[in-house]
Structure formats: structure tokens, C-alpha cells
Amino acid sequence: MRLGAIEGGGTKFIAGIGDENGTIIERVSFPTTTPKETMQKCVDYFKDKNIEAIGFGCFGPIDPDKSSQTYGYVTTTPKPGWANYNVIGDLKKAFPQIPIGFDTDVNGACLGEVYFGSAKGLDSAVYFTIGTGIGGGAYVEGQLLHGLLHPEMGHMKLIVRKDDHYKGKCPYHATCFEGLAAGPAIEERWGISAKELDINHPAWDLEAYYIGQALANVVLILSPKKIILGGGVMHQSHLFPMIQKYMNQFLEGYIQKKELTDSDYIVWPKLGDNAGLCGSLALAKQALEDK
């Protein structure tokens with residue numbers, strides 16, 4: 001298979017060509033400007049690539065429900081010009097005969113890890129990206145999870161630790177997961193970016209506390225067989241055992257499964273920084289198989 005992939009972010013878009021094994025053959029990157037200009041760059045890139053399907057993992061919120069009148073739209077995003085824009089409509093006009101897979105960027109990354117990465121062979125996994133924002137994607141009993149819209153796990157409300165007096169960064173929920181633990185919250189709370197923090201800085205224990213708490217909630221709700229943590233903040237290998245410790249503290253022994261203490265239960269994406277683009281390849285592969 002020769003597959004097209006789009007990783008659509010609020011800051012930049014990455015388009016690429018790959019195959020059914022998740023191998024990336026080539027890629028390009030360009031800034032996210034207006035939707036019309038950005039989508040036209042994607043169309044121009046794929047025009048002469050002889051692709052069989054396209055997968056598009058997009059920043060959200062989006063409408064991934066094929067029965068909806070607004071399927072394929074970016075919906076209520078605060079990004080100027082992008083709200084209620086039909087991104088899939090632009091691709092379908094240009095490539096009417098090609099199957100197109102469409103989902104959130106984090107759902108796509110989750111599917112990529114199931115198809116090609118650390119959750120390969122499993123029918124259940126959750127993927128979080130923790131960086132400028134926090135997003136979560138879920139693969140449950142062999143299907144990506146949607147529902148009314150799609151998971152927005154980055155906005156689950158958390159219990160604020162007693163020694164943390166930070167007001168929270170999220171403009172909607174203040175002290176939700178993203179508001180307490182995303183990169184901008186770390187920088188505003190401590191006055192220094194996460195990548196500049198020393199490994200022994202108290203910020204990391206607090207960060208692990210919030211991530212561990214969120215993962216305990218996810219274990220109780222979705223019972224995933226693997227949890228994958230990507231994104232810029234997670235480029236800190238010392239965080240993983242700390243997160244697992246706090247996750248189990250919040251679970252308080254209620255769930256008795258040895259996997260919860262195994263070192264390969266909470267992991268960095270096997271696909272690394274290619275998780276997003278490989279996830280879009282997985283969406284393309286799935287769309288072609290569904291056809």
C-alpha cells in the first residue's frame with residue numbers, strides 16, 4: 001500500500017507518504033495558517049503521489065461521526081478561522097475516489113501504537129500526549145472510542161494537591177488535567193519551561209502526582225491494557241516510575257492486577273515523535289480496509 005498521512009496541529013501540519021507497516025517514506029511540514037491555505041498545501045502535496053488512501057489526524061474538537069451533517073469539520077476550536085471548517089470536504093473534492101480516514105490527532109496516535117507500536121496485538125490501549133496541551137485517545141475492544149463526539153481526557157477535573165496553590169491554566173476549567181499539568185501550566189507555575197527544569201526540581205513530583213491521578217481515573221473508567229504517554233513534557237524518563245507510583249496510590253489497591261505494577265504498563269510511544277504521522281498512516285490503512 002502507498003498511503004498518505006496528515007498530522008494536523010494548531011501550529012504546524014505534517015504531510016507524508018508511508019506504507020501499511022507504518023514506514024514513513026517522505027514528509028513535509030508547513031505552518032498552520034488559514035484553513036483554506038493549509039488544506040490546499042495538503043492537496044498540492046498529494047496530487048502526484050499515487051496514493052491509495054489518506055489518513056488525517058487533526059487537532060480538535062472535530063466531528064468524526066460519519067452520520068453527522070458536520071462530519072469532517074473542525075468544530076469549536078478557538079483557533080482563528082478554523083471553527084466549523086470542513087477539512088475533509090476539501091480533501092474529498094480533490095480526491096473523490098480515495099478513502100479518507102479522519103479522527104483526532106491523539107486517537108490517530110493511539111491507533112498507530114496499536115497497529116505498529118507498543119500496543120501492537122492488544123485490543124485495548126489509551127494514548128495521552130502531554131505537551132502544550134493534553135489530549136487523550138482510546139482504543140477499546142478493537143475500536144477507537146468516540147461517542148457523542150470524542151474523548152477529551154485532558155479536561156477531566158482533578159483534585160488539587162494541598163501544597164499547590166496554582167490557579168490553573170485552562171480558560172474553561174482552570175484546574176483540569178491540562179490546566180494543572182500541561183507545559184504552559186508548568187512554566188507559569190514555576191517561572192521556567194519544563195525543558196529547563198532540573199531533574200530534581202519539585203515540579204516533577206507534582207507533575208507525576210497529577211498524571212498519576214488522571215491515569216487512575218482512566219484505569220477505573222476504561223481499564224486499558226496499556227497506557228502510552230507521549231508529548232514534549234514526557235521527554236523525562238524519570239517521570240514514568242513516579243507516575244506509576246502515584247497512579248497506584250490513587251487506586252488504593254482496589255484493582256488487583258499485576259500489570260499495574262509492571263514497568264511496561266505505562267510507556268513512552270514506541271513510535272516516538274513519529275507517533276502522530278504513523279497514526280495517520282494507520283487511519284489511512286483502516287479506511288482502505290473498511291472500503
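Here goes a summary of the coordinates provided. Predicted model, so just to flag it, every value in this text is computed and none were measured.

This part is about the side chain of Asn 107. Within the element layout of this structure, Asn 107 appears in helix α3 (residues 105-116). Polar contacts involving the side chain of Asn 107 include one to the side chain of Asp 103, which spans 3.0 Å. Look past the residues within four positions of Asn 107 in its chain and what remains in contact with it is Gly 137, Ala 138, Leu 144, Leu 145, His 146 and Pro 151.

Scanning the entire structure with this criterion turns up nine salt bridges. The salt bridge partner of Lys 258 is Asp 262, with a shortest N-O separation of 3.3 Å. When its relative accessible area of 59% is taken as the criterion, Lys 258 is described as exposed. Residue class for Asp 262 comes out partly exposed when judged on its relative accessible area of 23%. Among the ionic contacts, a cluster of salt bridges with common partners joins Arg 161, Asp 163 and Asp 205.

Another aspect to go through is the pairing of strand β3 (residues 24-31). With seven bridges joining them, strand β2 (residues 12-18) and β3 adopt antiparallel strand pairing. Of the residues in β3, the one forming a bridge with Ala 15 is Val 28. Linking β2 to β3, which pair antiparallel, is a turn of five residues; within it Gly 22 sits at a positive phi near 85°.

Here we take up helix α1 (residues 35-46). If you check α1, its first and last C-alpha atoms are 17 Å apart, about what twelve residues at 1.5 Å a residue would give, namely 16 Å. Residues of α1 that are buried include every one of Pro 35, Thr 38, Met 39, Cys 42, Val 43, Tyr 45 and Phe 46, and no others. In a view along the axis of α1, the buried residues occupy a sector of 165°, so they form one face of it. Buried residues along α1 sit in contact with β1 (3-8), β2, β3, β4 (53-58), β6 (85-86) and α2 (87-94).

This paragraph deals with the packing of aromatic side chains. When we look at a pair of aromatic rings, we describe it by the centre distance and by the angle of the planes. This model, assessed by the stated rule, comprises 13 aromatic pairs. Considering the side-chain rings of Phe 59 and Trp 82, the 5.4 Å spacing of their centres and the 65° angle between planes classify their relative orientation as edge-to-face. In this pair, Phe 59 is assigned in the loop between β4 and β5 (73-74) and Trp 82 in the loop between β5 and β6, connecting sequence segments 23 residues apart. A relative accessible area of 9% places Phe 59 in the buried class. Under the relative-accessibility criterion, Trp 82 is labelled buried at 0%. Taken together, Phe 13, Phe 30, Phe 56, Phe 59, Tyr 71, Trp 82, Tyr 85 and Phe 102 form an aromatic cluster joined through their ring pairs. Above the plane of the ring of Tyr 209 lies Arg 161, whose end atom (NZ or CZ) is 5.1 Å from the centre. Cation over ring: Lys 245 sits above Tyr 246, and NZ or CZ is 4.4 Å from the ring centre.

Rules behind the numbers
- Per chain, the residues get numbers from 1 upward, laid out in the order the sequence is written.
- For this predicted model, a pLDDT threshold of at least 70 governs which residues receive local features, and a threshold of 80 or more governs which side-chain atom pairs are given and counted, while totals over whole chains, interfaces and linings are taken from all residues.
- Processing note: side-chain calculations cover all non-hydrogen atoms of the structure and skip hydrogens and water entirely.
- The way it works is that DSSP assigns letters per residue, a run of H or I at least four long becomes a helix, a run of E at least two long becomes a strand, and they are numbered from the N terminus.
- Here a polar contact means two N or O atoms within 3.5 Å. Within protein one must be a hydrogen donor candidate and the other an acceptor candidate, and residues neighboring in sequence count only if both atoms are side-chain atoms.
- When checking whether two residues touch, look at their non-hydrogen atoms; a contact exists if any pair is within 4.5 Å.
- Salt bridges are identified by distance alone: a Lys or Arg side-chain nitrogen within 4 Å of an Asp or Glu carboxyl oxygen.
- Whether a residue is buried, partly exposed or exposed follows from its accessible area with a 1.4 Å probe, protein chains only, as a fraction of its type maximum: under 20%, in between, or over 50%, in that order.
- Strand pairing is assigned whenever DSSP identifies at least 2 bridges connecting the two strands.
- Here, expected helix span is obtained from the residue count minus one, scaled by 1.5 Å.
- To obtain the arc, one takes the directions from the helix axis to the C-beta atoms.
- Working definition: rings of Phe, Tyr and Trp (its six-membered ring) pair if their centres are within 6.5 Å, and the pair is stacked with planes under 30 degrees apart, edge-to-face with planes over 60 apart, and tilted otherwise.
- Two conditions define a charge located above a ring, namely a distance within 6 Å from the ring centre to NZ of Lys or CZ of Arg, and an angle within 35 degrees of the ring normal.

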